[in-house]
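# Coordinates in review
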Amino acid sequence: MVSDFQAIPEGEALASSPANPFAVTKAVDFTDQEIQSFWVDIPIEGGLLGLARPRAPMPMLITGGKGSGKTHLMRYMSASAQKLRHGNDLGAAITADGYLGVYVRLSGLNASRFRGKQQSNEAWEDVFAYYMELWIGQHLLTVIHDTIGKQDGDAELLRELTQGFTDDSAAAIGTVSGLSTHLNMLQRSVDHAVNNSSLSGSLEVEVNLNRGSLIFGIPRALSNQIQRLRNCPFLYLFDEFENLDKAQQKYINTLVREKEPPASFRIGARSYGIRTYATLSAQEEIKEGSEFERLRLDDKFRKKGQTYSAFLHRLIARRLEQRFVPPVDPTALQQRLEDFFEDWERDSFLTAETQFVIDNFRDTERPYFDRLKKKLAASIQAQTAPGLSSIDQVDQVVETLRVPDKPLVEKINLFLLFRAWSRGKPLEQECKVIQQQASLFVSKGSAPRHDKVAAKFKLDLLAQLLRECGQKQHYYGLDTFIGMSAGLPRNLLVILKHVFSWAEFLGESPFSSQRISFRAQERGVLDASQWFLADARIPGPTGTAARRGVERLGTLFREIRFSDKPSECSLATFSVCKSDLDSRTRTVLDKACEWSLLLEVVGGQKDKNSKRVDDKYQINPMLAPIWQLPTSRRGTIALSPREVTLAFEQDSTGDFDQVVANRVARMNAPFKRTAVRPTEPRPAQVGLFDPDDT
Amino acid sequence: MTPEYSLFEKQALSSPTELSDRHWDVFISGFSKEERVNEVFDCVKATKKRWIGLSEYGLTKEDYPDNCVRVPGSGEESLIVSALSDSGLELSTDQSICIDATGILRQYLLVLLRALSLRRVIRLDVIYSEPSRYGQHEETRFSGNELLGVRQIQGYEGSHTTDTRDDLVIIGTGYEDRLVGAAAEAKNHARKHLLYAFPSLQADMYQQSALATTRVHESIGRNIAAERSFAPAHDPFETASRLRDIVSRYGSMRKISNLYLVPLATKPMALGFGLYYLWECNNTPTSILTPIVRNYSPQVSRGIKRVWLYRVELPG
């Protein structure tokens, strides 16, 4: 453990407010002022605005998992945030930024009422389109109210603003404010008709606007008639697109297709929230590249690696800056963030991290040797321990594997013994070789077999040690937490929020000269993981199947990780030929990805036999602590389509348990190769240490 | 004019047999396998007695009694069509009407109230039977796993404003945490105020609902009022009063752009939410929301502790 922590210099004591700096994890909870003050940019050319390109006329779909930062980005581009950045002067903001952002929270529409109620889908399509005109029209007029100023009663402006009405209901309107009131009156009359339709059985709405006549007409009129809005792009920022149903999204897609300058769109949606790309134009789909661009925020973050990490360092430092009196240099703070967390110093034998084995088992047998003895004794009796025939040999075998002051080496020895056992090699002779190699490994720091196992399996063997000796798994340090967030910054904030709360509860002073304890970190991380799983409230039977499937896969990976001879290291990933899956399983698998329970790994996995590239999925590292899995991704297990189908099938718990049992039987001594219930034929697995590897 | 809810009458009966000395023209109850629902149905005397069979309970044709009007779909309009229009029940102002709310899911109970209000019914009786105990105690699950979404209850859909900056959600919290979380997330951006059922129907239920809200703290977010409000779990009228107080208190501090009410606690409290809406929220930017779950358990409790009879008055 690091002991020479560089304490925060005197004077940098905690500010008087002890409030949790990570308490707010969602941008929807921010005020406009906080949207501004908590904004940090990703350190790439152009930053986040360079990705969202608010001045570009091409519409953009901004997608990402929950907590990827869509709302923060979109609100940052909104007129109210623009104003704050420019001395509360929207005109100056438009001139400086080169666009006007009109932020619309689509959940405010309560769009689910525009369906059913004994009315036809066609009727609802028309009414919803009309309602959107009225809703967006009011929104836009409110946003630009200050900018219109003296032109509120400008006859030419009003003529152009109202020319989209198909009747003369707007003829008498004398001001822009009056138009807004008129739209509100029309909206309320539609509300009345829509809300009473279930009880009255009828839907009587008089539509007096054509599609787009206000959504595109108002920006055009303002651009034509108001000097400071001339040539200004009007950027509609439609957030929470997932709140619209398929028919309603089709309508928005149609607006995207029929977009008229100076209006354009940025549409924010959760990954699972896009229900269709179809339009009302003969069901044709809008085309990515030519009609819209897509920004997958979380994917982008995941691909950025170090840049993403630097971005999160900035984000944390921004939250912490105000805690220090006098203020600290933000850059210096970013560089010191890791030091706020207790963490292990790792040498090649994980000496400090495994010291508990020496301390806790001075007078009693170490649990892994105890277990080995029992296995050997049972196997000798069953004649399944190669080369061993007498119970007396058990102690000799165990003694050769002992390296009392290096528990990690003992675990490597055990791994090598189990590997030899699985190949049917005589164990007594193998033990002698292992003993010699271990001695070399300890004294010289290198021995071929031990080097390979250590390089691949060191952290898995540590995880086994911890579990076997009744210790908590190690999920410590900022780097680990950043890795766990997997492209969703909110996940990191949630982890830190829980860690901070636990630290305070345990009487610590987090983010001061005292490091946040292991205990607070492990409890906080587990709380955050459990929140993440519980928060994935995927609706419908597909959702239930997706959650259950991920839970089953988590169990499978855990059983493999803690088996005697795991086939893969740091296993949290599987591959499967997706095209061989039935459509239902594919749908459920997609759902698990859309809700970020699984992460699709770009590039897939080449099948070792057929050389075909299969699809590859990682269990979201936020979930790793639930099944004691690694947070980083290394090994991949190839699952058959049948195994994946069983994982994601609603009522297949027993069958999937069998899959786990079959898989793990090959990895646990005495390495039964006969499956209890054979599944479909599988290509032979090439192990990491198959014959020519040593 | 808004009523003084505390003047509305309510009566606690120690047994359903005490209902036998009353008579109504129409009695409606939601069919389930609950002892408390069936016993009350048997004891009530009415000229027309109708069961309503809700599809969410997942019962089969054989389960339903003969005089049951089955609601085919899962939207409130199905109830209106089948239970009110097609059932031969011609509900009108000159009839005495009684509804047993115990077996009727919240959204259907509220839409019945709305439908009666539209028919100018200004007075009706509502029964609610408290169970002796819930089968699985604090582990009792009233609803199934499949959460289909959160939406407005038909008839309680307000005319909302485009400005969503000062929205307020008042959640009557039950102890199914995922429903509380889903409702909170449906209006992610809004301030949240929690109205707890206290005193609760069973001794430990308040603690359970308090625990449930801590489990979904992340969904509720920061905009949660530090102050909690309470209304007795068995009292719709006190619930309506509390809602009025909460709204008035928020309104005096800062305007409320849009108001959303989410009754997730007991049926009597849901009735209180409905009453408050019908009396005070018509033509305002106010809606009642509900999470929609595909299935509900048709039997979660044992026995009858006491029976409440509420004399409900609706706006004319």
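Residues numbered from 1 in each chain as written. Chains lettered and ligands numbered in written order. Predicted model: local features only at pLDDT ≥ 70, side-chain atom pairs only at ≥ 80, totals over all residues.

## Structural notes on the overall build of chain A
To keep things clear, this is the line we draw: Numbered from the N terminus, helices here are DSSP runs of H or I no shorter than four residues, and strands are runs of E no shorter than two. To assign burial, the other C-beta atoms lying within 10 Å of each residue's own C-beta are counted, with C-beta atoms placed from the backbone; 20 or more indicates buried, 12 or fewer indicates exposed, and intermediate counts indicate partly exposed. Contact between two residues is assigned whenever their backbone-derived C-beta positions fall within 7 Å.
For chain A, the helix and strand inventory stands at 28 helices and 12 strands. Taken along its principal axes, the extent of the C-alpha atoms in chain A is 105 × 65 × 45 Å. By residue count, 45% of the 694 residues in chain A fall in the buried class. For chain A, the proportion of contacts with a sequence separation of at least 24, taken over those separated by at least 6, is 75%.

## Some thoughts on the sheet that holds strand 15 (residues 306–313) of chain B
Residues and elements named next belong to chain B. To keep things clear, this is the line we draw: What makes two strands pair is DSSP finding at least two bridges between them. Helix axes are fitted to C-alpha atoms over the stretch in contact, other axes to C-alpha atoms as well, and angles between N-to-C directions run from 0 to 180 degrees.
Taken in spatial order, the seven strands line up as 1-15-6-5-2-3-4 in an open sheet, and their pairing is mixed. If you trace the sheet from one side to the other, it starts and ends with strand 1 (10–13) and strand 4 (68–71), each paired once. For this sheet, the mean angle separating the axes of adjacent strands, direction not counted, is 20°. Here strand 3 (residues 46–54) pairs with strand 4 via four bridges, running parallel. Looking across to strand 4, one finds that isoleucine 52 is bridged to valine 69.

## Re the environment of A:Lys66
Residue and element names in this part refer to chain A. Relative to the elements of secondary structure, lysine 66 occurs in the loop between strand 2 (60–64) and helix 3 (70–76). Judged by local crowding, lysine 66 falls into the buried class, with 21 C-beta atoms found within 10 Å. As a C-alpha pair, lysine 66 and cysteine 431 span 365 residues in sequence and 52 Å in three-dimensional space. Those residues in contact with lysine 66 that lie beyond four places of it in its chain are Arg270, Arg490 and Ser596.

## Thoughts on the environment of B:Leu278
Residues and elements named next belong to chain B. The residue leucine 278 is located in helix 8 (residues 267–280) in this model. Classification of leucine 278 by C-beta neighbours within 10 Å gives buried; the count is 22. In the structure, leucine 278 is positioned 177 residues away from alanine 101 in sequence and 17 Å away in space, judged by C-alpha atoms. In this view, leucine 278 contacts Leu113, Arg114, Ser117, Leu314 and Pro315; residues no more than four positions away in its chain are not counted.

## Comments concerning the sheet that holds strand 2 of chain A
Residue and element names in this part refer to chain A. Across the sheet, five strands lie side by side as 3-4-5-2-6; this open sheet has parallel pairing. Strands at the two margins of the open sheet, each flanked by one partner only, are strand 3 (100–105) and strand 6 (293–296). Each strand of the sheet is rotated relative to its neighbour by a mean of 20°, with strand direction disregarded. For strand 2 and strand 6, the ladder comprises four bridges, and the chain directions are parallel. Residue pairing in the sheet places threonine 63 in a bridge with arginine 296 of strand 6.

## Re the packing of helix 6 (residues 121–143) of chain A against helix 11 (residues 246–257) of chain A
Helix-helix packing is described using two parameters, namely the angle between the two axes and the distance between the axes. Residues and elements named next belong to chain A. Worth spelling out the cut-off: Should an angle fall under 35 degrees it is called roughly parallel, over 145 degrees roughly antiparallel, and 65 to 115 degrees roughly perpendicular, with every other angle called oblique. Left-handed describes a crossing whose near helix is turned anticlockwise from the far helix by less than a right angle; the clockwise case is right-handed. Polar here means any residue other than Ala, Val, Leu, Ile, Met, Phe, Trp, Tyr, Cys and Pro, which are nonpolar, and Asp, Glu, Lys and Arg, which are charged; Gly is therefore polar.
Direction vectors running N to C along helix 6 and helix 11 enclose 50°, while the axes themselves pass 10 Å from each other. Judged on the interaxial angle alone, helix 11 and helix 6 are oblique. In this structure, helix 6 meets helix 11 at a crossing whose hand is right-handed. Of the residues in helix 11, those in contact with Asn121, Trp124, Glu125, Phe128, Ala129 and Met132 of helix 6 are Ala247, Gln248 and Tyr251. Class assignment for the residues of the contact of helix 6 with helix 11 results in six nonpolar, two polar and one charged.

## Re the domain arrangement of chain A
Residues and elements named next belong to chain A. For clarity, the cut-off: Residue ranges assigned to each domain were obtained from an automatic or database domain assignment.
As far as domains go, chain A holds domain 1 (53–286), domain 2 (355–468) and domain 3 (537–693). Computed over C-alpha atoms only, the centres of domain 1 and domain 3 are separated by 45 Å. The interface is formed by four residues belonging to domain 1 together with four residues belonging to domain 3. Classifying every residue of the side of domain 1 that touches domain 3 gives one nonpolar, two polar and one charged.

## Observations regarding unusual backbone geometry
Residues and elements named next belong to chain A. A cis amide bond links alanine 669 with the next residue in sequence, proline 670, at an omega value of 10°. Mapped onto the elements of the fold, proline 670 is located in the segment after helix 28 (653–665). The phi dihedral of asparagine 88 falls on the positive side, at around 65°, and the residue is not glycine. Taking the C-beta count within 10 Å as the criterion, asparagine 88 has 11 such neighbours and is therefore assigned exposed. In the Ramachandran plot, alanine 486 falls in the positive-phi region, its phi being about 45° despite a non-glycine side chain. Assignment of secondary structure puts alanine 486 in the loop between helix 21 (478–485) and helix 22 (489–505).

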